[in-house]
Amino acid sequence: MSRTNWAGNYHYAAPRLLLPKTVEEVQEMVAQSTKVKALGTRHSFNGIADCEEKQISLADLEPTFEIDHKLNRVTVDGAARYSSICEGLHLDNYALHNLASLPHISVAGAVATATHGSGVGNGNLATSVRAFELVRANGEVIHISRDANPGTFACAAVHLGALGLVTKVTLDLVPTFDVRQTVFRNLSFARLDRDFDEIVSSAYSVSLFTDWRGDHVGQVWLKERTDEANHYLEPEFFGAISATEPMHPIAELSAENCTEQMGVAGPWHERLPHFRHDFTPSAGDEMQSEYFIPRKFAREAIAAIRQIGDRVSPHLMISEIRTIDADSLWMSPCFEEPSIAIHFTWVMDWPSVQALLPVIEAALEPFDVRPHWGKLFTMSRETLRSKYRKLSDFEALATELDPTGKFRNLFLQNSLFSD
């Protein structure tokens, strides 16, 4: 029986899955392989974690959770999930600056693909990384640090699995904080266009959910820190009306598995994700795409998708618009650009979605669009290569650490690398 990703839309070609119990075993397995990739929590929707020989999962390694109270950092193992470390951080009065919509994803995998939450002042999840431990192609363990190796770090933090296998990650921490989550319904697109900057800046994290039908965004989710000024406990938000009951992003579904809403304050890790950490999503029946656009083009990009909304919506479960701050990580889609991300959760119909993605990409191309590395897209290698001006440096580092291309796979070759 073949192995699949979380959603079930991708079947891994790798015939073998290895489960080392120590880092030394990881080193030996990597050194003895011709082609190998790390397999995390399987939340990517494409072949970024696949190869034709072996996948290595770190799920059986002894967990690492070491807080440095002097430097306000935590070091975790390469298999750690955000859901497994957040409670411990909170109990020690610490927090991470942000979380993705699902807390069940692995730290190492999220960092490698520049996965993100929302908030105009919040960089993607890789921006909280201070250092990491990597097993390179010859089996050697190396350490890359923002402090000791700033140039290499900027190149390697968002590494797409091309440089080696990450066995430990060190994250910067902030003091713990509480968040109040409120949902508003039916924000007009006209008001969003007029007041976009004020709307997306109105809370620590803001998400807009739409199916691209009609003249309104269906839901606005505000996640406000309780230690900052709070303006939106009122029943109206830029013309949108406060929800009278907890909401799921897809309004027809039960909100049972969503994080608590209705303005009830709670710890950061129980509000910043959209879904509860004690709810494990089941596999199946969806696909995802996501595109990043510089925030200066937000209004135009949203208008462009609205123009093709009648083609998008029949294949869509829901779409989400979020903001991400600029960063200094060379392979990040938000490198030196404050950005928005337009996310699409699709019904499980790949032929229709495959035909639709080039239409979306063409509509967004005037706005320097870049895809999420772990989701579905059809942009050509030539197009992608033109969008990353530090790509030659990334290729050089990949060749230095992995001269035979042990960690390269079809996804990387078809999407990015020059040879």
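A quick note: this is a predicted structure, and the numbers were derived from the prediction, not measured.

(A) Quick look at the overall build of the protein. In terms of helices and strands, the protein carries twelve helices and 20 strands. Computed over the C-alpha atoms, the radius of gyration of the protein is 21 Å, within 12% of the 22 Å expected from 2.2 N^0.38 for a compact globule of 419 residues. The burial tally for the protein puts 59% of its 419 residues in the buried class. Within the protein, residue pairs in contact and separated by at least 24 positions form 72% of the contacts whose partners lie at least 6 positions apart. As displayed, the protein offers around 16600 Å² of accessible surface, 49% of which is attributable to carbon and sulfur atoms.

(B) Looking closely at the pattern of salt bridges. All told, the structure shown has 25 salt bridges when counted by the stated rule. Note that Glu 365 is salt-bridged to Lys 387, the shortest N-O span being 3.3 Å. One end of the pair, Glu 365, is in the loop between helix 9 (350–364) and strand 20 (370–371); the other, Lys 387, is in the loop between helix 10 (381–386) and helix 11 (391–401), and 22 residues separate them in sequence. By relative accessible area, which is 35% here, Glu 365 ends up partly exposed.

(C) A look at the sheet that holds strand 2 (residues 36–38). Ordered by their spatial adjacency, three strands build an open sheet running 1-3-2, and the pairing between neighbours is parallel. Because the sheet does not close on itself, it has two edges, and the strands there are strand 1 (16–18) and strand 2. Each strand of the sheet is rotated relative to its neighbour by a mean of 25 degrees, with strand direction disregarded. In terms of strand pairing, strand 2 meets strand 3 (residues 54–56) through three bridges, oriented parallel. For Lys 37, the partnering residue across the bridge sits in strand 3 and is Gln 55.

(D) Main features of the sheet that holds strand 8 (residues 141–145). With respect to topology, five strands assemble into an open sheet ordered 4-5-9-7-8, the strand pairing being antiparallel. Looking at the sheet topology across the chains shown, the edges are occupied by strand 4 (65–68) and strand 8. Ignoring strand direction, the axes of neighbouring strands in this sheet form an average angle of 15 degrees. Sheet strands in contact with helix 2 (residues 82–91) are strand 4, strand 5 (73–77) and strand 9 (165–172), and its direction is about 35 degrees off that of strand 4.

(E) Examining the packing of aromatic side chains more closely. Applying the stated criterion across every chain yields a total of 14 aromatic pairs. Members of the aromatic cluster, connected to one another through ring pairs, are Phe 184, Phe 237 and Phe 238. The ring of Tyr 388 carries the charged tip of Arg 370 above its face, separated from the ring centre by 4.6 Å. In this structure, Lys 390 is placed above the aromatic ring of Trp 330, and the distance from its NZ or CZ to the ring centre is 4.5 Å.

(F) Representation of the environment of Leu 410 within the structure. You can see Leu 410 is positioned in helix 12 (residues 410–415). On the basis of relative accessible area, Leu 410 is assigned to the exposed category, the value being 64%. Expressed as a C-alpha distance, the spacing of Leu 410 and Cys 51, which sit 359 residues apart in the sequence, is 7.2 Å.

(G) Broad picture of helix 2. Taken together, the buried positions of helix 2 are Tyr 82, Ile 85, Cys 86, Leu 89 and His 90. All buried residues of helix 2 lie within an arc of 135 degrees about the axis, which places them on one face of the element. In helix 2, the exposed residues that point more than 90 degrees away from the buried face are Ser 84 and Leu 91. Of the residues flanking the end of helix 2, it is Asn 93, one or two places downstream, whose phi is positive at about 65 degrees.

(H) A look at the environment of Ala 156. Note on placement: Ala 156 falls in helix 4 (residues 150–156). Residue Ala 156 is classed as buried on the basis of its relative accessible area, which comes to 0%. Linking Ala 156 and Ile 144, residues twelve residues apart in sequence, is a C-alpha distance of 8.1 Å. Not counting residues within four places of it along the chain, the set of residues in contact with Ala 156 comprises Phe 132, Ile 144, Leu 163 and Leu 397.

(I) Here's a closer look at the pairing of strand 12 (residues 205–210). Of all six residues in strand 12, six are buried; the element is thus mostly enclosed. Residue alternation in strand 12 divides its side chains into two sets, Ser 205, Ser 207 and Phe 209 and Val 206, Leu 208 and Thr 210, and both sets are buried. Relative to strand 13 (residues 216–225), strand 12 runs antiparallel, the two being bridged by five bridges. In the strand pairing of strand 13, Phe 209 is matched with Gln 219. Turn length for the strand 12-strand 13 hairpin, with the two strands adjacent in sequence and antiparallel, is five residues, and the turn residue Trp 212 shows positive phi of about 65 degrees.

(J) Region of interest: the side chain of Asn 46. Tracing the backbone through its elements, the reader meets Asn 46 in the loop between strand 2 and strand 3. Engagement of the side chain of Asn 46 in a polar contact is seen with the backbone nitrogen of Ile 48, the distance being 3.0 Å. A polar atom in the side chain of Asn 46 sits 2.8 Å from the backbone oxygen of Lys 375. Residues within four places of Asn 46 in sequence aside, it is in contact with Tyr 10, Trp 373, Gly 374, Lys 375, Leu 376, Phe 377 and Phe 411.

Scoring rules and cut-offs
- Residues numbered from 1 in each chain as written.
- Predicted model: local features only at pLDDT ≥ 70, side-chain atom pairs only at ≥ 80, totals over all residues.
- Heavy atoms only, no water.
- Helix = DSSP H or I, 4+ residues; strand = E, 2+ residues; numbered from the N terminus.
- Rg over C-alpha atoms; globule rule 2.2 N^0.38 Å.
- Buried < 20%, exposed > 50% of the residue type's maximum accessible area, 1.4 Å probe, protein only.
- Contact = heavy atoms within 4.5 Å.
- Areas by Shrake-Rupley, 256 points an atom, 1.4 Å probe, with all protein chains shown as cover.
- Salt bridge = Lys/Arg side-chain N within 4 Å of Asp/Glu carboxyl O.
- Pairing = 2+ DSSP bridges.
- Axes fitted to C-alpha atoms, helices over the stretch in contact; angles between N-to-C directions.
- Phe/Tyr/Trp six-rings, centres within 6.5 Å; stacked < 30°, edge-to-face > 60°.
- Lys NZ or Arg CZ within 6 Å of the ring centre and 35° of its normal.
- Arc of directions from axis to C-beta.
- Polar contact = N/O pair within 3.5 Å; in protein donor to acceptor, adjacent residues only side chain to side chain.

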